[in-house]
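Here are the chains, one letter per residue:
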Amino acid sequence: GNSVTQMEGPVTLSEEAFLTINCTYTATGYPSLFWYVQYPGEGLQLLLKATKADDKGSNKGFEATYRKETTSFHLEKGSVQVSDSAVYFCALSDAGGTSYGKLTFGQGTILTVHP
Amino acid sequence: DTAVSQTPKYLVTQMGNDKSIKCEQNLGHDTMYWYKQDSKKFLKIMFSYNNKELIINETVPNRFSPKSPDKAHLNLHINSLELGDSAVYFCASSQDSAGRVGYTFGSGTRLTVV
């Protein structure tokens, strides 16, 4: 079956530091890959996505590249802000087989950014 | 205008009670979902409906019953609530049933069973 593995958290950084959150996946078909962000007390928001190999998704200074050869979709940001503190989820959607577009999530990584 | 709205936002109830959570989306999407987020933040799909038809039913106790009166609504009814049902429940919708464009999530319903 499909699975997503994210780096263990929590991650604590100082403002303006470089961020990487690792994500690797296992899928039977050709998945679309996503990063979602959950701010405290809120629902999940789509941060960025990539639908095929070598696509780069980007939004709000975050970016991730779909690497089929390493089955990875690592999230990066060059300079984090306090307002980036949230839980970040890597996810995949595999339309093949019996998945019917369901999202399989990683376990989430808590990011805390200090001033 | 809230794209995916859930009510109530908080629900505290006693074991054994029956409760419902309502979800509505005004995006015109055909596909809607229910996800459960446990205390460790892990998210797992429960149900999916496409145009009022059930297409995903994960291994969820049959005390949980989804109802989709029309494609803009997907409600979740839970019978005989148990302590282990305490979690945050998220409704979501998607433009395509293959899930390739991503979901729009509601803000969640925090259910506490005491």
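Here the structure is a predicted model, which means the values were calculated and not measured. (Residues numbered from 1 in each chain as written. Chains lettered and ligands numbered in written order. Predicted model: local features only at pLDDT ≥ 70, side-chain atom pairs only at ≥ 80, totals over all residues. Heavy atoms only, no water.)

### Description of the layout of surface pockets
Its boundaries defined by the atoms lining it, the largest pocket holds a volume of some 320 Å³. Among the elements of the structure, β10 (86-93) of chain A together with β9 (87-94) and β11 (109-113) of chain B are those that each provide at least two residues to the lining of the largest pocket. Among the elements that make up the lining of the largest pocket, the one with the highest residue count is β9 of chain B (three residues). Tallied by class, residues from the lining of the largest pocket come to eight nonpolar, eight polar and five charged. Considering only enclosed or pocket space, the second largest pocket measures out at about 190 Å³ in volume. Every residue lining the second largest pocket is counted, 13 residues in all, and those nearest its centre are Lys 36, Lys 44, Met 46, Thr 59 and Val 60 of chain B. (1 Å grid on protein atoms, 1.4 Å probe; cavity = no way out; pocket = protein on both sides within 12 Å on 5 of 7 lines; lining within 4 Å. Points joined across faces, edges and corners; volume = space filled by probe spheres on them. Helix = DSSP H or I, 4+ residues; strand = E, 2+ residues; numbered from the N terminus. Nonpolar A, V, L, I, M, F, W, Y, C, P; charged D, E, K, R; others polar.)

### A look at the environment of Thr 28 of chain A
Residue and element names in this part refer to chain A. Structurally, Thr 28 is set in the loop between β4 (23-26) and β5 (32-38). Judged by its relative accessible area of 67%, Thr 28 is exposed. Sequence separation of Thr 28 and Gly 1 is 27 residues, and the distance between their C-alpha atoms is 6.9 Å. (Buried < 20%, exposed > 50% of the residue type's maximum accessible area, 1.4 Å probe, protein only.)

### Topic: the pairing of β5 of chain A
All names here are of chain A. Among the seven residues of β5, seven are classified as buried, and the element is accordingly described as predominantly covered. A two-sided burial pattern is seen for β5, the buried positions comprising Ser 32, Phe 34, Tyr 36 and Gln 38 on one face and Leu 33, Trp 35 and Val 37 on the other. Here β5 pairs with β10 via seven bridges, running antiparallel. Bridge assignment links Ser 32 to a residue of β10, and that residue is Ser 93. Bridging between β5 and strand β6 (residues 44-50) involves six bridges; their strand directions are antiparallel. Considered in β6, the bridge of Val 37 is made with Gln 45. What sits between β5 and β6 in their antiparallel hairpin is a turn of five residues, with Gly 41 showing a positive phi close to 75°. (Pairing = 2+ DSSP bridges.)

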